[in-house]
Amino acid sequence: MKVFISADMEGLATTSTWGDCDPANPAYQRHTQEMTDEVLAACEGAFRAGATEIVVRDAHDNATNIDPLRLPPRVKLLRGWSGHPYQMVDGIDSTFDAAMFIGYHSPAGASGNSLSHTISTRQMYIKLNGRDASEFMLHSYVCALEGVPCVFLSGDKALCEMESGLHPKLVTLPVKEGSGGITQVYSPAEVHQAIRKQTEKALRQDLSGAVIPLPEHFTLEICYKDHAQAMKVSYYPGVKRISNTTVVFETDSYFEVKQALSWII
């Protein structure tokens, strides 16, 4: 069994401020260790479930957060950015049996995480077919496009509740919760233990029928905080500005959605 893991930082058990996730901040190193710990726990659960190969995508900031010296055999780490539209799941393809997501967070405009955003912090919100689009939603759709089932998600409680029904075999695990600017952090030791248990459970499922059919048409709506940014991105092919701060892009191709997002966010 070949497993893909995408890992972010704002949805880890320990992060609660932007400085926690910033390589220029002294506190950042502590949270890269937590990121590595949570990914390691997911790998251990996957191996218990029978995984023979794991590919981990470091998907935060400069994508060099996870400590490669701590990764066990049969785990490959993808670092840095190629510029491919798949972005946080760059490296996924149809050869994988399952995909899992670690450290993901609530979307822009949501109140369940003090670090809520979608891809960047320049947007008030991003909607796809009228639904608030989290980074998990956008990148789990890429997995579906490649025919890979999404089976596990960890992150803040609000995100887990929001996305629990997005994929039929998705197991979710809250590792913290928030309200406004406050974060209630769960015990990291308990979180690691729970990740091991729940990732194993997720991968031991019968995954037949686990890949969702994607919509036939996509309407991407983005509201920027800065009207000048909306004006700028309106020159991307197919993008229409519908208000001073809001643009819309429509297509029948999800790959084109991700292409657009890689340029206009």
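Above this text is the structure in question.
A quick note: this is a predicted structure, and the numbers were derived from the prediction, not measured. (Residues numbered from 1 in each chain as written. Predicted model: local features only at pLDDT ≥ 70, side-chain atom pairs only at ≥ 80, totals over all residues. Heavy atoms only, no water.)

Draft legend 1. Spatial organisation of the packing of helix H2 (residues 135-145) against helix H6 (residues 254-264). Remark: H2 packs on H6, axes separated minimally by 10 Å, with the N-to-C direction vectors making an angle of 140°. It follows from the interaxial angle that H2 and H6 lie oblique. The two elements H2 and H6 cross, and the hand of that crossing is left-handed. Two secondary-structure elements touch here, H2 through Met137, Leu138, His139, Tyr141, Val142 and Leu145 and H6 through Tyr254, Phe255, Lys258 and Leu261. A class-by-class count of the residues in the contact of H2 with H6 yields 8 nonpolar, 1 polar and 1 charged. (Axes fitted to C-alpha atoms, helices over the stretch in contact; angles between N-to-C directions. Helix = DSSP H or I, 4+ residues; strand = E, 2+ residues; numbered from the N terminus. Parallel < 35°, antiparallel > 145°, perpendicular 65-115°, else oblique. Left-handed = near helix turned anticlockwise from the far one by under 90°. Contact = heavy atoms within 4.5 Å. Nonpolar A, V, L, I, M, F, W, Y, C, P; charged D, E, K, R; others polar.)

Draft legend 2. Examining the pattern of salt bridges more closely. By the definition in use, this model includes 6 salt bridges. As a salt-bridge pair, glutamate 53 and lysine 76 come within 3.4 Å of each other at their nearest N and O atoms. In this pair, glutamate 53 sits in strand E2 (residues 53-58) while lysine 76 sits in strand E3 (residues 75-78), placing the two residues 23 residues apart along the sequence. Note that glutamate 200 and arginine 204 form a salt bridge whose closest N and O atoms lie 3.0 Å from each other. (Salt bridge = Lys/Arg side-chain N within 4 Å of Asp/Glu carboxyl O.)

Draft legend 3. Region of the structure containing the sheet that holds strand E8 (residues 171-179). Taken together, 7 strands build an open sheet; the order of strands is E3-E2-E1-E4-E7-E8-E9 and the sheet is mixed. The open sheet has two edge strands, E3 and strand E9 (182-185), and neither has a second partner. Direction aside, the axes of adjacent strands within the sheet are offset by 20° on average. Sheet analysis places strand E4 (residues 98-104) next to strand E7 (residues 150-156), joined by 4 bridges and oriented parallel. Looking at E7, one finds that tyrosine 104 is bridged to glycine 155. Contacts from helix H1 (residues 28-48) reach strand E1 (2-7), E2, E3, E4 and E7, with the element oriented near 160° to E2. (Pairing = 2+ DSSP bridges.)

Draft legend 4. Main features of the packing of H1 against helix H4 (residues 188-203). Contact geometry for H1 and H4: axes closest at 7 Å, N-to-C directions at 35°. As H1 packs across H4, the resulting crossing turns out to be right-handed. Contacts between H1 and H4 involve Glu34, Asp37, Glu38, Ala41, Ala42, Glu44, Gly45, Ala46 and Arg48 from the former and Pro188, Val191, His192, Ile195, Arg196, Thr199, Glu200 and Leu203 from the latter. Of the residues assigned to the contact of H1 with H4, the class counts are 7 nonpolar, 3 polar and 7 charged.

Draft legend 5. Highlighting the packing of aromatic side chains. Applying the stated criterion across every chain yields a total of 7 aromatic pairs. Relative to tyrosine 104, the ring of phenylalanine 101 has its centre 5.2 Å away and its plane inclined at 85°; by these criteria the two rings are edge-to-face. Taken as a pair, phenylalanine 101 and tyrosine 104 share a single burial class, namely buried. A centroid spacing of 4.9 Å and a plane angle of 90° characterise the contact between phenylalanine 101 and phenylalanine 136, whose relative ring orientation is edge-to-face. (Phe/Tyr/Trp six-rings, centres within 6.5 Å; stacked < 30°, edge-to-face > 60°. Buried < 20%, exposed > 50% of the residue type's maximum accessible area, 1.4 Å probe, protein only.)

Draft legend 6. Inspection of the nonpolar core at higher detail. Formed by 43 residues in total, the largest nonpolar core has its most connected members in Ile92, Phe101, Leu128 and Ile222. Put simply, the parts of the chain that give this core at least two residues each are E4, strand E5 (123-128), H2, E7, strand E10 (218-224), helix H5 (227-233), strand E12 (246-251) and H6. Aside from chain neighbours lying at most four places away, what touches phenylalanine 101 is Ser6, Val89, Phe136, His139, Ser140, Cys143, Cys150, Phe152, Leu153 and Ser154. Listed in part, the 39 residues of the second largest apolar core include Cys21, Met35, Ile66 and Ile102. (Core = buried A, V, L, I, M, F, W, Y, C linked by side-chain atoms within 4.5 Å.)

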